[in-house]
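Okay, here's what each chain looks like letter by letter:
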Amino acid sequence: MPEKGKFIRPFTMVLASLALAACSPVSPTPPATPTAPISMVTPRAHVAQLPAREGIEAVEYLTPYQESSTDAGPKINVAYPVITAAPSLQAYINAYVQGQRTYFRSLLNANEPNSAFTISWDILAHAGPYLGFVVESNSTTLAQNSHHAISVFTDIEHDVTLSGQDLFTDDGRRMVARAVASAVQTAGYGAGKTIDQFSSQLLEQPNGLANVALTGTGAVVVLDPSDTGCADFMAIALDDDLANEALSEPAHAINEAIANKTPFVGLPSPEQINASEYAISLPEVDCAVAACVALTYDDGPGEYTLELLRYLHEANAPATFFMVGRSVHHLPDIAGIVAEAGHTIGNHTYSHPQLPKIASAEVNAELARTDAEIEAAAGVKTPWVRPPYGAVTPAVMKELAGRGQAAVLWDVDTEDWKNRNIAETTRRALAAVQPGSIILMHDIHESSVKATPGIIKALRDKGFTIVSLEQLVGQAKPGVKYFSRNNAH
Ligand code: NI
């Protein structure tokens, strides 16, 4: 990105219009104060280069969440930071990604070819206790292409997270909106809006002024293409005196750390993460006598797994997590916390294939690779396998038996992946439950995670005890299929 600004320097006049077409700065320095009539507002911001990014490798122990699909249907490529040390940051990023996913789905028609959804991210700054990110979202559909981005700064020592908007005081936000609108208009963009219209739009829309980079001395506001009518993101640098006046106290503190090049305090290494805050204890119960039930979650670990662990901790309820090997590979810390907190981990294959459709050697490889990931991340050798889609054949069961593993199916299907609805997931969990039931859910869906506290409470109100898989069915018998405590063969 920065090259755009550099090469035009000797040819400013000639290439000015070209540079504008790419939304780059006409001049890398602020325009001189105009000798304008006193009634005119002095510009207090100007088009600038997009903020520099540091690359995610700049910070150690940063775990990217990654998800991609090359199946038929939309091309999904989602990557964003997972930081176990800063739950407030995680909640903010998760909410943004979820909102963008919903928006993408709303644009999408059935069976639309060439549609794509991408989330990408980069580090903007790391200094003192502060870590700044930009998270970008691209939706490509027949109806519309949409490019959008936010920035977020977090104080990881105090778990305080600031959106771009939080970097300004209330008065500051109004001044900045006006200055930005004026700079965009001066540069010939703004889709015919007046400065008043444009600045009130920046103030009113939920993500207006949500993408702000701090430079150490000031701030750069980045606008989405839909804001300006420019093909690319457009950066507006605030003049120093405006930045000084408009930035909030926390933003000044971040700028000071950046300007002083204060070393970043660092993220906790996986060994330092405190799993005890998620710990649960197993109930003392005899499931031959009591009405027991096991909660199982497939397809993680993922963006909502820690939130689920918090709910399970608060309710002191055990669960079983059937993890996909490639997700464990990307999020080993979370797999480790799941085990350390006291939950059971099972194998849900490496790449989630239909096992009956692949050769026996491949079945074995899918399971072995996942076992290795789980053992490396969580120190657990699991005897439990949940075949994707519940699909097994005698040949598949033979592979499991050979590995000393059992298949865990279910007798209560919440269809949470389909309904994505807290009330419906809860209703289905409770409607079919019996003593000895195994309930199927997925911790990669926010609705399933958010439904969990209510499901636990309702099950307990009905007299059920929530237990681990081993408490429910006993030690795993290799080659056996478990549908519930009372249905295993
Ligand atoms: Ni699955």
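None of these values were measured; they are calculated from a predicted model.

Around the nickel ion, the donor atoms from the protein are Asp 299 (OD), His 348 (NE2) and His 352 (NE2), and they sit 2.1 to 2.2 Å away. When the donors of the nickel ion are listed by position in the chain, the intervening gaps give D-x48-H-x3-H. In this pair, Asp 299 is assigned in the loop between strand E11 (292-298) and helix H9 (305-315) and His 352 in the loop between strand E13 (344-347) and helix H12 (360-378), connecting sequence segments 53 residues apart. Accessibility classification places Asp 299 together with His 352 in one group, the buried group.

Residues Phe 133, Leu 295, Phe 321, Ile 439 and Leu 459 are the most contacted members of the largest nonpolar core, which totals 68 residues. Discounting chain neighbours no more than four positions away, the residues touching Phe 321 are Tyr 297, Thr 305, Leu 308, Leu 309, Leu 312, Val 338, His 343, Thr 344, Ile 345, Gly 346 and Asp 443. Counting residues in hydrophobic clusters, the runner-up holds 48 residues, among them Ala 125, Leu 202, Leu 223 and Leu 238.

Moving on, we get to the packing of helix H4 (residues 170-186) against helix H5 (residues 195-204). Direction vectors running N to C along H4 and H5 enclose 130°, while the axes themselves pass 8 Å from each other. The orientation of H4 relative to H5 falls into the category oblique. The two elements H4 and H5 cross, and the hand of that crossing is right-handed. Contact residues: H4 offers Arg 173, Arg 174, Ala 177, Arg 178, Val 180, Ala 181, Ser 182, Val 184 and Gln 185, while H5 offers Ile 195, Asp 196, Phe 198, Ser 199, Leu 202 and Leu 203. Among the residues forming the contact of H4 with H5, the class breakdown is 8 nonpolar, 3 polar and 4 charged.

Each value, and the rule that gives it
- Residues numbered from 1 in each chain as written.
- Predicted model: local features only at pLDDT ≥ 70, side-chain atom pairs only at ≥ 80, totals over all residues.
- Heavy atoms only, no water.
- Donors = N, O, S within 2.8 Å, 3.2 Å for Na, K, Ca; no water.
- Helix = DSSP H or I, 4+ residues; strand = E, 2+ residues; numbered from the N terminus.
- Buried < 20%, exposed > 50% of the residue type's maximum accessible area, 1.4 Å probe, protein only.
- Core = buried A, V, L, I, M, F, W, Y, C linked by side-chain atoms within 4.5 Å.
- Contact = heavy atoms within 4.5 Å.
- Axes fitted to C-alpha atoms, helices over the stretch in contact; angles between N-to-C directions.
- Parallel < 35°, antiparallel > 145°, perpendicular 65-115°, else oblique.
- Left-handed = near helix turned anticlockwise from the far one by under 90°.
- Nonpolar A, V, L, I, M, F, W, Y, C, P; charged D, E, K, R; others polar.

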